[in-house]
Amino acid sequence: MIQPAKPADLVTVNIDGKDIAVPKGTNVIEAARLINVDIPHYCYHPKLTIVGNCRMCLIEMGMPAVDPATKAPIMDPATGKQKINWIPRPQIGCGTNVSSGLHIRTQSPMVKDCREGVMEFLLINHPLDCPICDQAGECKLQEQSTGYGRGYSRFVEQKNVKPKRTQLGPRVTLDDERCILCSRCIRFSKEIAKDDVLGFIDRGSYSTLTCYPGKTLANNYSLNTVDICPVGALTSTDFRFKMRVWFLKQTNSIDTESSVGANTVVWSREGAIYRITPRRNDDVNDTWMADSGRELFKSVKSADRLTAVKVNSADSALDIAINAATQLFKEGGAAVVGSGRSSVEEQFLTKKLADALKASVSLVSRVGEGDKLLVSADRNPNVRGALVTGLIKSLPSQKLTDLAAAIDAGKIKAVVSVGEDLAAAGLSAAQLAKISIVYLGTHANATSVAAKVVIPTQSVFEKNGTLVNQQFRIQKFARAVPAPAGATDDTVVLAKLAGVAATDIASVWKLIAAEVPALTTMSYANIPETGLLLDATPFAALPFVEGETLHYKPTAPVAATA
Amino acid sequence: MNLKAETLAKIDEVITHYPVKRSATLPLLHLIQEDMGYIPEKAEEWIAAKLEIEPINVYEVVTFYPMFRRKPIGRRHIKVCRTLSCALMGGYKTCEQFEKEFNTHRGEVSPDGNVTIEFVECLASCGTAPVVLIDDDLHEKVDCAKAKQISDQIKAEAKKR
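Cut-offs applied
- Residues numbered from 1 in each chain as written.
- Chains lettered and ligands numbered in written order.
- Predicted model: local features only at pLDDT ≥ 70, side-chain atom pairs only at ≥ 80, totals over all residues.
- Helix = DSSP H or I, 4+ residues; strand = E, 2+ residues; numbered from the N terminus.
- Buried ≥ 20, exposed ≤ 12 C-beta atoms within 10 Å, placed from the backbone.
- Contact = placed C-beta atoms within 7 Å.
- Pairing = 2+ DSSP bridges.
- Axes fitted to C-alpha atoms, helices over the stretch in contact; angles between N-to-C directions.
- Nonpolar A, V, L, I, M, F, W, Y, C, P; charged D, E, K, R; others polar.
- pLDDT = per-residue confidence, 0-100.
- Core = buried A, V, L, I, M, F, W, Y, C linked by C-beta atoms within 7 Å.
- Parallel < 35°, antiparallel > 145°, perpendicular 65-115°, else oblique.
- Arc of directions from axis to C-beta.
- Left-handed = near helix turned anticlockwise from the far one by under 90°.

> Just checking my understanding: could you explain the overall build of chain B for this structure?
Of the regular secondary structure elements, chain B holds seven helices and four strands. Helices and strands in chain B line up, N terminus first, as α-α-α-α-β-α-α-β-β-β-α. Principal axes of the C-alpha set define a box for chain B whose edges measure 50 × 35 × 25 Å. Taken over 161 residues, chain B has a buried fraction of 30%. In chain B, 57% of the contacts between residues at least 6 apart in sequence involve partners at least 24 apart.

> Any chance you could explain the overall build of chain A here in plain terms?
Check the secondary structure of chain A and you find 14 helices and 26 strands. The principal-axis extent of the C-alpha atoms belonging to chain A is close to 95 × 55 × 40 Å. Relative to its full complement of 562 residues, chain A shows a buried share of 47%. Sequence separation of 24 or more characterises 65% of the internal contacts of chain A that already satisfy a separation of 6 or more.

> I'm lost on the sheet that holds strand β3 (residues 132-134) of chain B in this one. Help?
Strand pairing in a sheet relies on backbone hydrogen bonds. The paired strands run either parallel or antiparallel. Residue and element names in this part refer to chain B. Strand order in the open sheet formed by four strands is β2-β1-β3-β4, and the pairing between neighbours is mixed. Edge positions in the open sheet fall to β2 (115-120) and β4 (137-139), since each of these has one partner strand only. Pairwise comparison of adjacent strand axes, ignoring direction, gives a mean angle of 20° for this sheet.

> I would appreciate a short explanation of the interface of chain B and chain A in the present structure.
Where interface size is given, it is often the accessible area lost as the parts come together that is meant. With nine residues of chain B in contact, the opposing surface of chain A contributes 10 residues. Sorting elements by how many residues they give to the side of chain B that touches chain A places helix α4 (residues 55-64) of chain B first, with seven residues. Here the side of chain B that touches chain A is composed, by residue class, of four nonpolar, two polar and three charged.

> What is the right way to look at the confidence of the model for chain B in this model?
Close inspection of predicted coordinates is inappropriate for parts of the model with low pLDDT. Averaged over all residues, the pLDDT of chain B equals 94, while 100% of them reach at least 70. This complex was scored by the predictor with a pTM of 0.91 and an ipTM of 0.85.

> Can you help me understand the environment of Arg240 of chain A in this one?
Residues and elements named next belong to chain A. You can see Arg240 is positioned in the loop between β13 (234-236) and β14 (249-254). By C-beta crowding, Arg240 is classed as partly exposed, having 14 other C-beta atoms within 10 Å. Residues Arg240 and Pro46 lie 194 residues apart in sequence; the distance between their C-alpha atoms is 26 Å.

> Hey, could you run me through the nonpolar core in this one?
For soluble globular proteins, the rule of thumb is that nonpolar side chains tend to be buried together. Judged by nonpolar contacts, the single largest core of 80 residues is most densely connected at Ala325, Val336, Val337, Leu353, Val415, Val438 and Val453 of chain A. The contacts of Val415 of chain A, once residues within four sequence positions are left out, are Ala335, Val337, Leu422, Ile435 and Ile437 of chain A. If you look at the next biggest cluster of nonpolar residues, it comprises 72 residues, including Cys57 and Val284 of chain A together with Ile47 and Ile56 of chain B.

> Looking at this structure, I do not really get the environment of His126 of chain A. What am I missing?
Residue and element names in this part refer to chain A. Note that His126 resides in the loop between α2 (109-124) and α3 (140-148). Along the primary structure His126 and Glu177 are separated by 51 residues, whereas in three dimensions their C-alpha atoms are 6.1 Å apart. If we ignore the near neighbours within four places in the chain, the residues touching His126 are Leu141 and Arg178.

> How should I be thinking about the environment of Glu369 of chain A in this particular structure?
Residues and elements named next belong to chain A. In this structure, Glu369 sits in the loop between β20 (360-362) and α9 (383-388). Here Glu369 falls in the exposed class, since 11 other C-beta atoms lie within 10 Å of it. Along the primary structure Glu369 and Glu546 are separated by 177 residues, whereas in three dimensions their C-alpha atoms are 8.9 Å apart.

> Honestly, the pairing of strand β11 (residues 198-201) of chain A in this entry has me stumped. Any pointers?
Regular strands show a simple pattern: their side chains alternate between the two faces of the sheet. Residue and element names in this part refer to chain A. When β11 meets strand β12 (residues 208-211), the two strands line up antiparallel, connected through four bridges. Each bridged residue has a counterpart across the sheet, and for Leu198 the counterpart in β12 is Cys211. Linkage of β11 to β12, two consecutive antiparallel strands, is achieved through a turn of six residues, within which Asp202 is found at a positive phi near 60°.

> Just to check I follow, could you spell out the packing of helix α1 (residues 5-15) of chain B against helix α2 (residues 25-36) of chain B for this structure?
For any two helices packed against each other, one specifies the inter-axial angle together with the distance between the axes. Residues and elements named next belong to chain B. Their axes nearest at 10 Å, the elements α1 and α2 cross at an angle of 175°. As the angle between them shows, α1 and α2 are arranged roughly antiparallel. Two secondary-structure elements touch here, α1 through Thr7, Lys10, Ile11 and Val14 and α2 through Pro27, Leu28, Leu31 and Asp35. Here the residues of the contact of α1 with α2 sort into five nonpolar, one polar and two charged.

> For this particular structure, what's the right way to read helix α14 (residues 505-515) of chain A?
An α-helical turn contains 3.6 residues, so a residue and the one three or four places further along point in the same direction. Residue and element names in this part refer to chain A. Within the span of α14, buried status applies to Ile505, Val508, Trp509 and Ile512. The arc that holds every buried residue of α14, seen down its axis, measures 100°, which confines them to one face. Exposed residues pointing more than 90 degrees away from the buried face of α14 are listed as Ala506 and Ala514. Lining the buried residues of α14 we find α8 (344-357) and α13 (490-498).

> I keep staring at unusual backbone geometry and nothing clicks. Help me out?
Outside of glycine, negative phi angles account for most residues, and trans bonds account for most peptide bonds. The linkage connecting Ala129 of chain B with the following residue, Pro130 of chain B, adopts the cis geometry, with an omega of -10°. Inspection of the secondary structure assignment puts Pro130 of chain B in the loop between β2 and β3.

> Hey, could you run me through the packing of α8 of chain A against α13 of chain A in this one?
Residues and elements named next belong to chain A. Viewed as axis vectors pointing N to C, α8 and α13 meet at an angle of 15°, and their least axial separation amounts to 9 Å. The angle between α8 and α13 places the two elements in the roughly parallel class. Once α8 is placed against α13, the crossing between them reads as left-handed. For the pair formed by α8 and α13, the contact residues are Glu345, Glu346, Leu349, Thr350, Lys352, Leu353 and Ala356 on the first element and Asp490, Thr491, Leu494, Ala495, Leu497 and Ala498 on the second. Grouping the constituent residues of the contact of α8 with α13 by class yields seven nonpolar, two polar and four charged.

> Explain the sheet that holds β14 of chain A here, please?
Residue and element names in this part refer to chain A. Judged by pairing direction, the sheet is antiparallel, and its three strands sit side by side in the order β14-β15-β16 without closing on themselves. The open sheet has two free edges, formed respectively by β14 and β16 (272-278), since each of these has just one partner strand. Averaged over all neighbouring strand pairs, the angle between strand axes comes to 30°, with direction disregarded. With six bridges joining them, β14 and strand β15 (residues 263-269) adopt antiparallel strand pairing. Bridge assignment links Ile254 to a residue of β15, and that residue is Asn263.

> When you look at helix α4 (residues 184-192) of chain A in this model, what are you seeing that I'm missing?
All names here are of chain A. The element α4 is largely enclosed, with a buried count of eight among its nine residues. Along α4, the residues that are buried comprise Arg184, Cys185, Ile186, Arg187, Phe188, Ser189, Lys190 and Ile192. On its buried face, α4 is in contact with β11, α5 (223-228) and β13.

Below you can see the structure in the form of structure tokens.
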């Protein structure tokens with residue numbers, strides 16, 4: 001890990017003849033990465049401890065020569081520069097931290113020999129079943145045998161046979177023959193997931209990755225082992241044999257399961273999502289994400305997806321539905337139930353709608369137990385977005401008791417729900433029957449059934465937008481797949497309902513920049529892929545529910561999780 | 001875990017020899033194997049709990065070393081050397097003789113439960129090859145005849161029990 005360093009902590013090293021200043025304590029692999037020199041490696045992972053057992057990152061190393069007695073530099077008369085004493089044996093790049101004056105050669109004949117030798121040994125018992133291997137196309141062994149291998153095999157003996165399909169856990173399948181024993185998965189389980197169940201048993205050619213008998217790799221972070229496996233040994237049981245990775249389109253997205261906002265990549269092809277993997281963001285999720293967040297895409301194609309605009313339970317069209325909703329609002333007594341799952345843009349437009357209707361706004365809070373890693377206690381991904389846009393002033397509660405009281409008192413006649421199931425949020429069937437509901441949502445539920453007007457909207461994978469995570473970091477997600485026919489972008493629907501002239505995300509952002517003080521300098525396009533930290537001080541007094549997670553420490557007093 | 005009191009005392013003592021508890025994994029395995037003759041799965045979990053590590057860490061160590069046994073063996077452990085000198089002087093024949101005497105195969109417990117016969121690497125007595133180590137006693141120049149004699153002795157001792 002490279003930390004930003006003070007200039008005093010920088011040391012100058014020479015890599016392949018190029019001088020570069022890097023922070024003290026950086027290892028050779030990371031230092032070389034800074035000048036775009038690739039040092040191949042398997043076992044090294046920037047977020048895990050260094051073990052140095054794959055030997056792929058061997059480099060040649062030397063220090064400037066000095067006279068042992070006087071410490072005076074020894075000059076090389078041929079070049080007029082200080083002589084370099086090269087260590088006659090290769091060193092591992094991952095386990096070598098740079099020091100001032102260090103010289104490194106990554107392209108010398110010795111290094112080339114080393115890499116070819118290591119590759120040859122790694123491939124000795126490797127089955128070379130790339131044509132049926134899920135990792136093909138994103139396999140380090142494949143890439144580096146092309147880049148650094150000798151190109152042909154001298155191995156004439158019998159290859160080892162090991163178990164081909166061990167179920168390590170509910171989501172991970174192991175092909176032991178492909179394993180190159182890098183131990184990344186073991187270190188991940190021990191150091192990050194804190195669930196030390198994996199290990200190597202037996203030894204030599206028989207070494208086998210395994211779970212302790214009777215235990216399984218079942219923690220909610222097990223699929224990260226699949227991500228960091230440099231070969232096709234650990235595979236996702238869900239993704240296995242489904243699709244070649246090179247056919248898949250990658251779209252940057254955000255994990256919406258909690259307010260952590262783990263950065264993700266959505267892999268899709270021809271409108272279908274095949275998998276979700278984490279995207280590196282050293283300030284949010286490092287290179288990890290929870291298994292639960294990877295399953296979210298499955299609801300996109302679920303049977304209860306809303307695809308038809310309905311007015312009074314009859315199929316209709318969007319503009320008719322908007323008009324019908326407007327008629328309902330005209331009767332007065334409207335209330336808006338916004339959502340902590342909506343994007344910042346949608347929450348902004350929800351506020352515009354509430355302002356136009358002079359309606360009260362409530363949000364529904366979802367609280368679970370935080371796992372202290374990448375799933376926080378607040379299961380709404382964007383409560384802070386609602387605070388920033390001014391949709392709400394205080395934190396939402398789990399039940400809509402105020403709204404229920406207002407309905408009972410007959411003050412509320414129409415309710416707009418932006419994707420929130422009012423029945424689940426504490427309104428009784430009798431209360432739902434008393435009001436006219438305008439429901440904007442992706443999936444059918446008790447509220448959509450009771451609603452007078454139902455407008456199907458899009459899931460997070462089908463639209464563009466931004467979310468503000470628990471750190472007050474605004475992060476954007478992009479459209480990965482087209483929405484099913486009949487589902488309209490929430491921003492379009494909300495803009496129409498609110499009577500705001502905004503047709504796409506860029507025009508919404510023009511309005512946001514003009515009206516939301518915290519976001520004045522921003523547009524959707526200029527938010528970086530790793531997000532932008534907003535000023536959290538105006539909300540410091542609020543009792544947020546999150547406890548400590550990776551890269552997040554609660555500042556305000558933590559409210560009791562009820 | 002039915003360990004002898006003295007083994008338990010030794011275990012508690014040996015743990016104090018190391019700056020980190022986990023380093024005592026190997027000595028504990030030795031002590032338990034001496035006590036029980038092998039290392040049952042329960043022992044791995046017992047050691048893990050004792051040393052505050054996960055069972056998988058102990059399991060890794062047990063399987064790494066061939067001299068740790070995860071299954072019980074016979075009452076006597078016959079280890080026949082098969083490294084070069086002994087192999088040249090008839091170590092394989094000696095081993096086969098033992099197998100015949102006890103009606104068993106290498107690595108298995110004999111049907112009467114008396115012995116387990118195994119090949120081992122050099123026992124460092126090449127001058128008197130072939131050599132056989134029975135439990136902790138070294139037997140030198142063990143040809144087929146001597147193997148039979150030793151076997152008879154073991155059988156006789158077993159009968160007395």
